[in-house]
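Tertiary structure, described
Spelled out from the first residue to the last, the chains are:
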Amino acid sequence: MYHNNSIRILTGNSHPELALAVAERLNVPTVPCTVKKFSNGEINVKISESVRDEDVFIIQSGCDDVNDNLMELLILISACKTASARRITAVIPCFPYARMDKKDKSRAPITAKLVANMLTVAGCDHVITMDLHASQIQGFFDIPVDNLWSEPLMMGYIKRSIPGWEDGIVVSPDAGGAKRVTAMADKLNIEFAIVHRKRDGKSLTAPERMELLVGDVKDKVAILVDDMIDSGSTLALAARTLYENGAKSVHALISHGLLSGSNLSFIDELPIHELVVTNTIPQNKHQESVTKLKTIDISPTIAESIRRTHNGESISLLFGEWAETSGMHVL
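Criteria and cut-off values
- Counting of residues starts from 1 at the beginning of each chain's written sequence and follows it residue by residue.
- At least 70 in pLDDT is required for a residue's local features to be given in this predicted model, at least 80 for side-chain atom pairs to be given and counted, and no such filter applies to totals for whole chains, interfaces and linings, which use all residues.
- To get the side-chain values, take all heavy atoms of the structure and skip hydrogens and water.
- UniProt positions are given in the numbering used here, feature names are shortened, and annotations may be inferred rather than shown by experiment.
- The angle between two axes is taken between their N-to-C directions and runs from 0 to 180 degrees, where each axis is a line fitted to C-alpha atoms and a helix contributes only its stretch in contact.
- Strands here are runs of E lasting at least two residues and helices are runs of H or I lasting at least four, both read from the DSSP assignment and numbered beginning at the N terminus.
- What sets the label is the angle itself: under 35 degrees gives roughly parallel, over 145 gives roughly antiparallel, 65 to 115 gives roughly perpendicular, and the rest give oblique.
- Helix crossings get a hand from a simple test, with the near helix turned counterclockwise from the far one by less than a right angle marking a left-handed crossing and a clockwise turn marking a right-handed one.
- Pairs of residues are marked as contacts when any of their non-hydrogen atoms sit within 4.5 Å.
- Lys, Arg, Asp and Glu make up the charged group, whereas Ala, Val, Leu, Ile, Met, Phe, Trp, Tyr, Cys and Pro make up the nonpolar group; the residues left over, Gly among them, are polar.
- Each pair of aromatic rings taken from Phe, Tyr and Trp, with Trp reduced to its six-membered ring, is defined by centres within 6.5 Å and is described as stacked if the planes are under 30 degrees apart, edge-to-face if over 60, and tilted in the remaining cases.
- Each residue is placed in one exposure class: buried if its accessible area under a 1.4 Å probe, protein chains only, is under 20% of its type's maximum, exposed if it is over 50%, and partly exposed if it falls in between.
- What counts as a salt bridge is simple: a side-chain nitrogen of Lys or Arg found within 4 Å of a carboxyl oxygen of Asp or Glu.
- Residues belong to one nonpolar core when they are buried, are Ala, Val, Leu, Ile, Met, Phe, Trp, Tyr or Cys, and are joined through side-chain atoms within 4.5 Å.
- These domain boundaries are the output of an automatic or database domain assignment.
- Any two strands with at least two DSSP bridges between them are considered paired.

The name given to the protein chain in an unreviewed UniProt entry is ribose-phosphate diphosphokinase, with the source organism recorded as Candolleomyces aberdarensis. According to UniProt, the comment filed for the protein chain under the heading Pathway (unreviewed entry) is "Metabolic intermediate biosynthesis; 5-phospho-alpha-D-ribose 1-diphosphate biosynthesis; 5-phospho-alpha-D-ribose 1-diphosphate from D-ribose 5-phosphate (route I): step 1/1."

Attention now goes to the packing of helix α4 (residues 151-161) against helix α5 (residues 178-188). Two measures define how a pair of helices packs: the angle their axes make with one another and the distance between the axes. Running from N to C, α4 and α5 point in directions that differ by 50 degrees, and their axes come no closer than 11 Å. The angle between the axes of α4 and α5 places the two elements in the oblique class. Remark: the crossing between α4 and α5 carries right-handed chirality. Residues E151, M154, M155, I158 and K159 of α4 pack against R180, A183, M184, K187 and L188 of α5. For the contact of α4 with α5, the residue count by class is 6 nonpolar, no polar and 4 charged.

We describe a pair of aromatic rings using the distance from one ring centre to the other and the angle between the two ring planes. Following the criterion strictly, the structure yields 1 aromatic pair and no others. Seen in terms of ring centroids, F95 and F141 are 6.0 Å apart; in terms of plane orientation they differ by 80 degrees. Their pairing is edge-to-face. Placement of the pair is F95 in the loop between β5 (87-92) and α3 (111-122) and F141 in the loop between β6 (126-130) and β7 (145-148), with a sequence separation of 46 residues. Across the pair, F141 and F95 agree in class, each one buried.

Next up on the list: the UniProt feature "domain: Ribose-phosphate pyrophosphokinase N-terminal" (unreviewed entry) in the protein chain. This chain's UniProt record puts "domain: Ribose-phosphate pyrophosphokinase N-terminal" (unreviewed entry) on residues 7-123. With 34% helix and 22% strand, residues 7-123 has its two end C-alpha atoms placed 18 Å apart.

This model, assessed by the stated rule, comprises 17 salt bridges. A salt bridge links D64 to K285; its shortest N-O distance comes to 4.0 Å. Here D64 is found in the loop between β4 (55-59) and α2 (66-82), whereas its partner K285 is found in helix α8 (residues 284-289), with 221 residues between them in sequence. Here R307 and E304 are joined by a salt bridge, their closest N and O atoms 2.8 Å apart. You can see R307 and its partner E304 sitting in helix α9 (residues 299-311), 3 residues apart, about one turn around the helix. Within the structure, one salt-bridge network assembled from shared partners comprises E304, R307, R308 and E313.

Now for the nonpolar core. Membership of the largest hydrophobic core comes to 39 residues, with the highest contact counts inside it found for V22 and I306. Mapped onto this core, the elements with two or more residues apiece are β1 (7-11), α1 (16-26), β4, β6, α4, α5, β11 (221-229) and α9. For this core, the domains that each give at least three residues are domain 1 (7-148 + 298-317) and domain 2 (151-296). Look past the residues within four positions of I306 in its chain and what remains in contact with it is I7, V22, L26, F57, I59 and V91. Residues L10, V51, I58 and I88 belong to the second largest nonpolar core, which totals 34 residues.

So, on to the pairing of β11. Counting buried positions along β11 yields 9 of 9 residues, so the element is predominantly enclosed. Of the pairings in the sheet, the one linking strand β8 (residues 168-172) to β11 comprises 4 bridges and is parallel in character. Along β11, the bridge assignment pairs G168 with V221. Where β11 lies against strand β12 (residues 249-257), 8 bridges are found, and the strand directions are parallel.

Now for unusual backbone geometry. In the Ramachandran plot, D131 falls in the positive-phi region, its phi being about 45 degrees despite a non-glycine side chain. Considering the arrangement of structural elements, one finds D131 in the loop between β6 and β7. The phi angle at N189 is positive, at roughly 60 degrees, despite the residue not being glycine. Tracing the sequence through the fold places N189 in the loop between α5 and β9 (191-199). The class for N189 is exposed, based on a relative accessible area of 69%.

Following this line, the structure appears as structure tokens:
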């Protein structure tokens, strides 16, 4: 059993606000460390306090400059390993390269497996992540991986903040998310729908459209659920399809708000009531350009998973009602 004074939280430059919020909840200070670049672009890490024989948690998300943030994480892990840390846990709210999880065409790389190997070789003993794009990625590691879910937080948000959800319908924008929406629909005791994306014609430049495969959204509150929004093109197509099929209103709930497009103002023009994401990725910049954007705070879930891991307790509680009530803080 570890002692409470030996939780040590470090962070790189990817998401310092989340690390500070987690440290505040755990009532421990973050370990002062500087992560800078040399003039040639190489990353330099300096940890200013001893971590010898401590339980170290490094909070670093895969966002913005993904490659720099991943490299920072690997160097921080290596630095703690050579500084004799007792256990090193990488807390990666948004796992980098998670979409490259299978060989879907000839000569395609399975980069998520490469990232898993790199983390292990750097000296990582345990990984905590959230809403992996495919939960099989846990099998790419030979070390323990805890894949937390944002689903209970989303369900809490639906019950508190979406009027008329009892007569709603949970919608997946692709067949891959069917498992997620059916589980949510069962727990909320409402119906589900699936929309399917296809091209008009065989050429790669042919315009894309969506069609409703399963379910009837007419005169219902449509709750669109997905794990990731990048450029926003899927959201745009799905929202218009639901609107055309007679949905009363459309609410989009998405775990990882990458929102990497240069012009995000188009989201405000979509026929959606709101776009709700979690803060696995910093949303400050996005909130300036998208007025419909709301953020659910995941720091209580991350903090509790760290506390339980440190004390050797089960974290299965975080997948149920505890998490549903903890997600009341909307940023």
